[in-house]
Amino acid sequence: MDNSPPQQLTPSQKQAVCHIEGPLLVLAGPGSGKTRVITHRIAALIDSGVRPYNICAITFTNKAAEEMRQRAFALGASAGAHISTFHSLCVRLLRRHADKAGVKSNFSIYDQADQRRCIKQAVKDCQLDTTNFPPAKILDAVSTLKNKLIDAKPFEENADDFFSKTLAHIYLRYQHLLGERNSLDFDDLLMKTAFLLEGCPDVNAEIGNRFKFVLIDEYQDTNHAQYRIAKALVAQHNNICATGDPDQSIYRWRGADIHNILAFESDWPEATIIKLEENFRSTPNILTAADNLIANNRKRKLKKLLPTRPEGGDIVITASDNETAEARSIARHIEELIDQNAALNDIAVFYRVNSMSRTLEEAFIHAKVPYQIVRGVEFYNRKEIRDILAYLKTIVNPDDEVALLRIINTPTRGIGKVTIDRVRAYAADSRISLFEAIKRAEHIDTLSNSAKGRLAAFADMFRRFAKANLGPAAPLAEIVFVESGLADSLLAAGVEGKDASENANELINAAADYDRKADEPSLIDYLQEISLFSDADAYDPTAGRVALMTLHAAKGLEFENVFIVGVEEGLLPHERTNSHDDLDELEEERRLFFVGITRAKTNLHLSYAQYRTIRGQCLRTIPSQFLFELGCTFEEQQFEDDEDDFDDWEYEDSTESIPTVRFAVGQLVRHQSFGLGRVTEFVDVGENSTVTVKFNTGQTKSLMIKYACLEKA
DNA sequence: CTTGAGTTGGTTTTT
DNA sequence: CCAACTCAAG
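Residues numbered from 1 in each chain as written. Chains lettered and ligands numbered in written order. Predicted model: local features only at pLDDT ≥ 70, side-chain atom pairs only at ≥ 80, totals over all residues. Heavy atoms only, no water.

Caption draft 1: Highlighting helix H24 (residues 474-483). Of all the residues in H24, the buried ones are Ala474, Leu476, Ala477, Val480 and Phe481. In an axial view of H24, the angular spread of the buried residues amounts to 160 degrees, which keeps them on one side of the axis. One or two positions beyond H24, positive phi appears at Gly485, with a value near 95 degrees. (Buried < 20%, exposed > 50% of the residue type's maximum accessible area, 1.4 Å probe, protein only. Helix = DSSP H or I, 4+ residues; strand = E, 2+ residues; numbered from the N terminus. Arc of directions from axis to C-beta.)

Below, the structure is given as structure tokens:
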């Protein structure tokens, strides 16, 4: 049961803990006790006389930060060290030095949905068409620029081609809109902090006095902005300890630059490098499979995966007819595990895309398997929650037009499009904010008297809210929920609104929870904190439920029994990654699978479906190339569903293959011209079946069986 | 001003 | 396939 690292630290772990002064890179493989090393290190630093106040540890998620605080505390480290994510640290620094950073301290933080709306607005403002300039693409480009710390103005100055120039316009407009609304997006938090630290000597000096020892976890997933922040944080003392694993870098698409960790030695030439290659988590066969898989990546630092656990456990690959059968198969396997006394907390199911959770959920409900879907942000994306939060955001930051427009007529209070347009026009003319204009509604001549009255009532409501904004978040959230009329409107919606009401109450409870935990609770702080919530933060390891999550969310976790579903071409690697043409993309998908596999302590269960319904279309699938790279011999089970309600045609369809020569993966074959080789993949699509063969000449070929004349050797 | 029917378009992972 | 948006009727 307990596979935690040995009580005694291993020599290399000890070395990493005790290396106090100077830059240190800990290259830690999965399950190497990395977290343990970091917490011990924090404790050791404090032990050796460093004040907790002078320590800054940066984690990847809030959850990880929380855990690290507790663990360090359990090791006897006194409280006081700053432990948070990069983003939370940035929020703190930007609020503290708001004037120097060029922001107001009550800024809102834009999430993805807000960003998209805002960029859309910016595109329109530039008189451009959203079909030629899709907001999602533009947002991506802007985000990339920000992650590289290229601000709008310098970008515009250097833009020479048409697209860059247009992009520059949109980027400038977007930043302008954000500024007007006193809002920052996720990338701004990093970019503005980097500029603040690099551009203000006094802030930098203050940082130097404060943070004398800096620890950064998951360094392989830092982007350029985070790298520059890290550099600035350690500039004066050079005491950086970065930990990470290049093989677990899975956020390239978000700007993470694997180069940061690969080039650590050239950044800090005097750096000590310590490798943690022993694995205390997984059984040898799981590690062999993981190692075989990742060996296919060409661009990597070689690192061993040394097992310390005895043999045991299974790797099982299941092929099911379709995703429903796959989900049932998983549910049944879980029932078996439960029969063998496995704890529900010890079981997890991973998938590549969130939409795959639906089918699993249905199967688990049917089989009465308790589960939790680890998706923290989902709660905050619900309409009723976003509504309440929009009220709260407007209280804190009346310039946040997105929030204001969301709730100005929610619930409906007779302030429609026409009225809003007139107020906006007035606001633009008088060069005041929309909220300011609403307060002056009675002076707006274009408005009808009834509209004036409604706007006045709206403004009055916010005056009452402002008076009630006295620290703790929960009481205000409750007042807002009731006085805004949201509570009544949900009540009026009957059954439909019942869930929504419960969610609203849950939000108020969550706020109360925050109030209890925070040193100095405030609405601003609360809003900024929940903006930085991540999916993984919602994971409750003590829930007594099977955990369902994306492969990305699985990072940093471990389970006795791991299921990975949908191990198919197009899904893992995902087709949208362009991994067909781009080797880097393919390698990242492989790392993602590697991360998934190495979460498993004892039993690993991989599965794919032969047909999968995607966007309503039932399509034939191909097992993922990654499956064949695992290399170890495994028992492949064909899952047969014995329930009667299974659609007949699916059987027909899948059994109606034209008789053709079949090849097993691993089969030795001979080809007339290429000679001997081994089958690495067999794609069964009837008469057009193909095999991929790795020939002894070194080349790998995909061949159509009906033409290739392969013979089994 | 609100509502609902109809259309369009986007469709991975997330701080 | 679903969510977000548009538009016309009430």
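Past the structure itself, the notes keep going.
Caption draft 2: Expanded view of the pairing of strand E17 (residues 611-614). Of the pairings in the sheet, the one linking E17 to strand E18 (residues 617-620) comprises four bridges and is antiparallel in character. Looking at the pairing, Tyr611 lines up with Arg620 of E18. Between the end of E17 and the start of E18, which pair antiparallel, lie two residues, with Arg615 showing a positive phi angle near 50 degrees. (Pairing = 2+ DSSP bridges.)

Caption draft 3: Structural context of the pattern of salt bridges. Scanning the model with the defined rule gives 43 salt bridges in all. The salt bridge partner of Lys303 is Asp245, with a shortest N-O separation of 2.9 Å. With Lys303 in the loop between helix H15 (284-294) and strand E10 (306-307) and Asp245 in the loop between strand E7 (240-244) and helix H13 (259-262), this residue pair connects regions lying 58 residues apart in the sequence. Accessibility assignment for this pair places Lys303 and Asp245 in one class, buried. A salt bridge links Lys383 to Asp387; its shortest N-O distance comes to 2.9 Å. Taken together, the residues Lys383 and Asp387, both in helix H19 (residues 383-396) and four residues apart, mark about one turn of the helix. For Asp387, a relative accessible area of 3% puts it in the buried group. Taken together, the shared-partner salt bridges in this structure form one network comprising Lys34, Asp217, Glu218, Asp221 and Lys555. (Salt bridge = Lys/Arg side-chain N within 4 Å of Asp/Glu carboxyl O.)

Caption draft 4: Broad picture of the packing of helix H2 (residues 34-47) against helix H3 (residues 62-74). Taken N-terminus to C-terminus, the directions of H2 and H3 make an angle of 55 degrees; their axes are 9 Å apart at the nearest point. The orientation of H2 with respect to H3, classified from their angle, is oblique. In terms of crossing hand, the pair formed by H2 and H3 is right-handed. Here Thr35, Ile38, Thr39 and Ile42 of H2 come into contact with H3, specifically with Met68, Arg71 and Ala72. Of the residues contributing to the contact of H2 with H3, the split by class is four nonpolar, two polar and one charged. (Axes fitted to C-alpha atoms, helices over the stretch in contact; angles between N-to-C directions. Parallel < 35°, antiparallel > 145°, perpendicular 65-115°, else oblique. Left-handed = near helix turned anticlockwise from the far one by under 90°. Contact = heavy atoms within 4.5 Å. Nonpolar A, V, L, I, M, F, W, Y, C, P; charged D, E, K, R; others polar.)

Caption draft 5: View of the protein's contact with DNA strand B. Near DNA strand B there are 25 residues, and of these Arg352, Thr419, Ser534, Arg576 and Arg615 occur at the shortest range. Counting only atoms of DNA strand B within 4 Å of the protein, the fraction found in sugar and phosphate groups is 55%. Side-chain polar atom of Arg254 to a sugar or linking oxygen of DNA strand B: 3.4 Å apart, as the coordinates give it. At 2.8 Å, a side-chain N or O of Thr419 approaches a phosphate oxygen of DNA strand B. With three residues, helix H21 (residues 417-430) is the single largest residue contributor to the surface near DNA strand B. Taken together, the residues that form the surface near DNA strand B break down as six nonpolar, 13 polar and six charged. (Near = heavy atom within 4 Å. Polar contact = N/O pair within 3.5 Å; in protein donor to acceptor, adjacent residues only side chain to side chain.)

Caption draft 6: How the structure looks around the nonpolar core. The biggest cluster of nonpolar side chains holds 64 residues, and the ones touching the most others in it are Leu189 and Leu233. Apart from residues no more than four positions distant in its own chain, Leu189 is found in contact with His87, Cys90, Val91, Leu94, Phe107, Ile109, Leu184 and Leu532. Core analysis: the next-biggest nonpolar cluster, separate from the first, contains 53 residues, Ile444, Ala451, Ala459 and Ala518 among them. (Core = buried A, V, L, I, M, F, W, Y, C linked by side-chain atoms within 4.5 Å.)

Caption draft 7: Structural context of unusual backbone geometry. Of note, the bond from Thr410 into Pro411 is cis; its omega dihedral lies within 30 degrees of zero at -5 degrees. On the secondary structure map, Pro411 appears in the loop between helix H20 (401-407) and H21. Each neighbour pair has its own omega, and for Leu572 with Pro573 the value is 10 degrees, a cis peptide bond. Along the chain, the position of Pro573 falls in the loop between strand E15 (559-564) and helix H28 (583-597). A positive phi is found at Lys368, a non-glycine position, where the angle reads about 60 degrees. Locating Lys368 in the fold gives a position in the loop between helix H17 (357-367) and strand E13 (371-373). Here Lys368 falls in the exposed class, since its relative accessible area comes to 72%.

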